[in-house]
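Structural features, examined
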Amino acid sequence: MAAVASAQLAADVQTQLADFAEQLAVRALDHLVVSRLAQASPTTYAALGLAGLLDSEPVTVASGDTITNPHTHDELHLDRAGTLLSHPDEHFRNVYGWGTADLDALTLFTRLQRVLAATHSVHTDLLTPPGEQPLLEAYLLGFSVDESVSPPRLKVGVRFPGSQTVTNAYPLDETWSIQVTATGAFVEDVQALVAAPFDVTLTPPSGTVEIEVTSGLVAAPPTGQGPVLLLGEDGGTRLTARTARFAVGFAVTWDPATNTAGGEPTLDVELTGGHLVLSLEGSDGFLSSLLPETLDVAVDLTGQWRPSTGLVFTGGAALTVSVPVDVAIGPARLTEIELAVRIGESLAVDVRSTAVLSLGPFTATVTGVGAAVELRFTRGNLGPLDFGIGLLPPNGLGLAIDAAPVSGGGFIGYDPSTGRYSGRFQVDVGEVGVGAYALLDTRLPGGDLSYALLVRLSATFPAVQVGFGFALTGVGGLLALGRRLDVDALRARLASGSVFAELDSAFPVAPGITVVGPTAQLVWAGLVTFDLGVFIELPGPRRVVVIGTASATVGNPSGGTPYLQIRLNVLGELDLQKSTVVFDAALVDSTLLEVLQLTGGAAFRLSYGADPYVVLTIGGFYPGFSPTPLVFPASLTRIAMTRGTPSDALYLRFEGYFAVTTNTVQFGASVEAVINLGSFNIRGTLGIDTLIERSPFHFECQIQASVAVRWKSHNLGGLTLKGELSGPGPVIFRGKVSFDILWVTISFEHTFTLGSPVAALLAAVDDVLGLLADELARTDTLRVVGGNDPAVALAAPPTSGPPILSPVGQLAWSQRTAPLDLLLEKVAGAPVTRPQTITATGTQVAGPDTDWFAPAAFTNLADADALARPAFERMSGGVRIGVPGTDDGPARPVTVTVKQIRIPAPPVVVGNTGIFPPWFVLAGAARLGTTLPTPVVPALTLTEETWQVVGGDGATVSGGLTQTQAHQLARAASDVAAVPTADLVPAFAF
């Protein structure tokens, strides 16, 4: 290049020479390789050009070019091979514009003509009419361009008819054979339209087209002989297989809806039971001391190439091989070398090693360290190819120690595909064991650049008595950074075994959240073991979660299944944001007396917030009770003892439940027995379910019993009894008895009334307004909302006269006799002669004052409503009067005796007056221990839910109601319904 620059030549000639010199080496290499290929194998030369891997085009001399002569430019593009194999549609689009409006048909037909001409058996003519697409005539085939669609397609004309079905096998020797199966039927002048990537559509002038061709080269040894030798020689380096198959296929299917046929070619290769044996016989002494005599690699490979999918491999065991070695390098020893071949956009070979380092009682193992050699199919330092080499970091580190009384070890692994480090460590020091488990994710969802860490520690030691028969046998803890607690995932696994079986799913990634908590193991009386963990989710704290397991075992002296084996998984949650307490429990892997399986679950729900409730259940609920909107896990099933399955000779099942809600008590039990005697079986059941409502008092008891004799699934005879007992006032029993004989059923049912109706304990109320008017005269119904003054203490309220209230705040009047703005049907348990609604209005009334009321105490609810509706609801019990704040009124002098008590001064609130910069004020506040006021504007506020009554046309009849009042009005009218008011949250920004 320096010589060109120093030569006395014109500037344009110097530029041309500089460009020529820069490309000389690459072009010379391309020319030598391509020229030799064209001479040695003209067919391969033409095929590479058609495949787009070789460009060999005439070059004309441009005007002003004084150094270039007309010539043929040869350029080898092996960098396109990876795309051709993996994405042939993209490859042909880049080379020929295939699948686009810019299809280069002239280049495609020119290269196809070269391939056909290279066979020396096909005469071709390439026609290029001016202003039109080219045409290629090749004996009985014609190639043209179909421009009636966009992008254009290739049109291939077949000028001969055919109809043949062939299924033959052609043995080549006792091992190899060619199997051909071909079925075809088509008429003369069939047109084939080829669209990208290789979708073929055949259109005959008449009739149909059906073609299916499969041709395969199959290798299978005769019975009793060993594998087939595919490559190499016996006793040396060789490739063998139990069977081998190489097949080419093309299938065309007829579509009667469009009178066309479509198809796609396939190339298949399959090796089963293959072995690649590398013989190292004859290697020098150094290699012989390092490597074994032979390396045997199992190969099971199945691959297929389609134009639409490219080359797809399944299996691929031959792409990785592990070579055992034994090389000592000082205190280290090399034990294994792993070779892996990766084929894609490039050809890469990874060489990884495993080394063991021993230092006294310590042993360290490093896996995966090595180098990667990559040959990229792109122009680079090797002309048409680019060569590179790089370091492969280790993907695992193992540590072990064996120095009595200390023993143990651990392993840390790295997965580069997910960016995850994982490790486990366990060390025993005498009777004390210490364990650790850790996960570190450095590649988070959404491209977050932070990390997520999970560490669990544990230690076990001899029992330490802590009192009341309990002994501490283990402690530990858990720390999760950038992760949260997924209580739903933990609850879903409650009945499946270990709650902590998958820490990754139990603590999913959540940037900005931290979970921390201790764990402990306790043993009571040497019989029951408790494993407990208490975890706190921060910031906040947001929630506190308790996870535990209680297990007990009573052994069998004979060594069989324990007489008693109980395991109870428990999950508890205190949600400080929702103001709820939740506990769930489930029996897992529990047995009794070797034959009875123990199953079932329990649940507890408590809300202490704006919507209080409490629910406790052991084994579920009464059949007609719906705990909606509460959600319980699938592990909440009946507490049951089961022997066998219904198909066993003897099947027994005992189950029961108990539940308490705000207004009900529920319990029940049942027993089922099945006896199988060959094709005959007897099934009997007995069960009882009871529901007791507290207010108003009511009970229901359902009883059922049955026995049936069957042959297989056909009923031969049986007896069924169903009964329902409800009360009081009067007690009613409804019973039904059914007899089954073959296909005939005879039933008898009757209702029995026991006792007389209970007289009303309270007289009906005529005037509800009069009852509430008495509440206005009571002084204890008045209070002040928001009027607490820490500097003022009120004396005890007077027994007579006006009440003493703080002048700060808002006046409120509230009573508990009956809710306002509700269609009342009962008051304090007494019926109302006619439904009445009481409202409170006034010029100074600012709004309602709500309180908790039980709807069932003031309305007549149907049984279904009583079970499904909330037991308590916030309704208007009074009114708010005036507005918050103070208002000057009449004044009178009052003599006040003051007793002074000195207390520590409250913190000084430092505010920024604008004189000092914010950082200065913040630093001063931190040094003085004072607080800074931080005004917060809520982005979202919560209000009480309201209901409305809508008509059949969807129009609102009445709105702004409580749930109970909306249902009351809907019952009193026709063609209306009670629905919640839509509460749409607008878009807002934090």
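Where an unreviewed UniProt entry is consulted, the protein appears under the name DUF6603 domain-containing protein, with the organism given as Nostocoides japonicum T1-X7.

1. What to know about the overall build of the protein
When its secondary structure is counted, the protein shows 13 helices and 54 strands. Within the protein, contacts between residues separated by at least 24 positions form 49% of all contacts whose residues are at least 6 apart in sequence. Accessible surface, the protein: about 57500 Å² in total, of which carbon and sulfur atoms supply 62%.

2. Quick word on the pairing of strand β29 (residues 509-524)
Pairing between strand β28 (residues 470-483) and β29: 12 bridges, direction antiparallel. Bridge pairing in β29 links F470 to W524. As judged from the 9 bridges shared by β29 and strand β30 (residues 528-538), these two strands associate in the antiparallel manner. Residue pairing in the sheet places T519 in a bridge with G533 of β30. The turn joining β29 and β30, which pair antiparallel and follow one another in sequence, is formed by 3 residues; a positive phi near 55° is taken by A525.

3. Considering helix α10 (residues 768-776)
Of the positions making up α10, those classed as buried are V768, L772 and E775. Each buried residue of α10 sits inside an arc of 35° when the element is viewed along its axis, so together they form one side. For α10, exposure combined with an orientation more than 90 degrees from the buried face picks out D774 and L776. Those residues of α10 that are buried are in contact with β47 (810-814), β48 (824-827) and β49 (830-836). Structurally, the start of α10 carries an N-cap: the backbone nitrogen of L769 is 3.2 Å from a side-chain oxygen of D767.

4. Topic: the environment of A117
Of note, A117 is situated in helix α6 (residues 105-118). Overall, the relative accessible area of 43% leaves A117 in the partly exposed class. Considered as a pair, A117 and P42 are 75 residues apart in the sequence and their alpha carbons are 9.6 Å apart.

5. Quick notes on the side chain of T642
Counting through the fold element by element, T642 comes out in strand β38 (residues 639-643). Residue classification places T642 among the buried residues on the basis of a relative accessible area of 11%. A polar contact of 3.0 Å, which involves the side chain of T642, links it to the side chain of R653. If near-sequence neighbours (up to four positions away) are discounted, T642 is found in contact with V595, L596, Q597, Y651, L652 and R653.

6. Overview of the sheet that holds strand β53 (residues 956-961)
Pairing is antiparallel across the open sheet formed by 3 strands, whose spatial order is β53-β52-β54. Among the strands making up the open sheet, the edge pair consists of β53 and β54 (976-980). The sheet shows a mean angle of 20° between the axes of neighbouring strands, taken without regard to direction. In the sheet, strand β52 (residues 947-951) pairs with β54 via 5 bridges, with the strands oriented antiparallel. Note that in β54 the partner of G951 across the bridge is V976. Running over the sheet, helix α13 (residues 963-972) touches β52, β53 and β54 and is turned about 20° from β52.

7. Remarks on empty space enclosed by the protein
Here the structure, examined in full by the defined rule, presents 2 cavities of 30 Å³ or more. Approximately 70 Å³ is the volume found for the largest cavity. Lining the largest cavity are 10 residues, with Y45, G49, L54, S56 and R114 sitting closest to its centre. Among the secondary structure elements, those contributing two or more residues to the lining of the largest cavity are α3 (42-50), β1 (54-59) and α6. Of the residues in the lining of the largest cavity, the class split is 4 nonpolar, 2 polar and 4 charged. One number sums up the size of the second largest cavity: a volume of about 30 Å³. Contributing to the lining of the second largest cavity are T662, N663, R694, A854, A871 and F872.

8. As for the nonpolar core
Counting residues in each nonpolar core, the largest one holds 18 residues, and the members touching the most others are L454, L478, L485, F507, V515 and L571. Among the secondary structure elements, those contributing two or more residues to this core are β26 (432-441), β28, α8 (487-492), α9 (503-506) and β31 (543-554). If near-sequence neighbours (up to four positions away) are discounted, V515 is found in contact with L478, L479, A480, R483, R484, L485, F507, F535, I536 and E537. Counting 16 residues, the second-largest nonpolar core is a separate cluster that includes V765, W813, L820 and A830.

9. Things to note about the pattern of salt bridges
Counted under the stated rule, the structure contains 19 salt bridges. The closest approach of N and O atoms between D146 and R153, which form a salt bridge, is 2.8 Å. For D146, a relative accessible area of 8% corresponds to the buried category. E537 is the salt-bridge partner of R543, the closest N and O atoms lying 3.4 Å from each other. Residue classification places R543 among the buried positions, given a relative accessible area of 17%. One salt-bridge network, in which partners are shared between bridges, spans D488, R491, E537, R542, R543, E573, D584 and R605.

10. Here's the deal with the environment of A857
Note that A857 resides in the loop between β50 (845-853) and α11 (863-868). For the pair A857 and G829, spaced 28 residues apart in the sequence, the C-alpha separation amounts to 6.1 Å. Once residues lying within four places of it in the same chain are set aside, the contact partners of A857 are K826, V827, A828 and G829.

11. Details of the packing of aromatic side chains
By convention here, two paired aromatic rings are described through the distance between centres and the angle between planes. Counted by the stated rule, this structure contains 8 aromatic pairs. Centroid distance F621 to F632: 5.2 Å. Interplanar angle 65°. Geometry classified as edge-to-face. Of this pair, F621 sits in the loop between β37 (613-618) and β38 while F632 sits in the loop between β37 and β38, and the two are 11 residues apart along the sequence. Of the residues examined, F621 reaches a relative accessible area of 10% and is grouped as buried. Residue F632 is classed as buried on the basis of its relative accessible area of 16%.

12. Here's the deal with the pairing of β37
Judged from the 6 bridges that link them, strand β36 (residues 601-607) and β37 form a sheet pairing that is antiparallel. Across the sheet, L606 pairs through a bridge with V614, a residue of β37. Bridge analysis of β37 against strand β39 (residues 650-660) gives 3 bridges, and the strand direction is antiparallel. Residue pairing across strands places T617 opposite A659, the latter belonging to β39.

Here is what the cut-offs are and how they apply
Residues numbered from 1 in each chain as written. Predicted model: local features only at pLDDT ≥ 70, side-chain atom pairs only at ≥ 80, totals over all residues. Heavy atoms only, no water. Helix = DSSP H or I, 4+ residues; strand = E, 2+ residues; numbered from the N terminus. Contact = heavy atoms within 4.5 Å. Areas by Shrake-Rupley, 256 points an atom, 1.4 Å probe, with all protein chains shown as cover. Pairing = 2+ DSSP bridges. Buried < 20%, exposed > 50% of the residue type's maximum accessible area, 1.4 Å probe, protein only. Arc of directions from axis to C-beta. Polar contact = N/O pair within 3.5 Å; in protein donor to acceptor, adjacent residues only side chain to side chain. Axes fitted to C-alpha atoms, helices over the stretch in contact; angles between N-to-C directions. 1 Å grid on protein atoms, 1.4 Å probe; cavity = no way out; pocket = protein on both sides within 12 Å on 5 of 7 lines; lining within 4 Å. Points joined across faces, edges and corners; volume = space filled by probe spheres on them. Nonpolar A, V, L, I, M, F, W, Y, C, P; charged D, E, K, R; others polar. Core = buried A, V, L, I, M, F, W, Y, C linked by side-chain atoms within 4.5 Å. Salt bridge = Lys/Arg side-chain N within 4 Å of Asp/Glu carboxyl O. Phe/Tyr/Trp six-rings, centres within 6.5 Å; stacked < 30°, edge-to-face > 60°.

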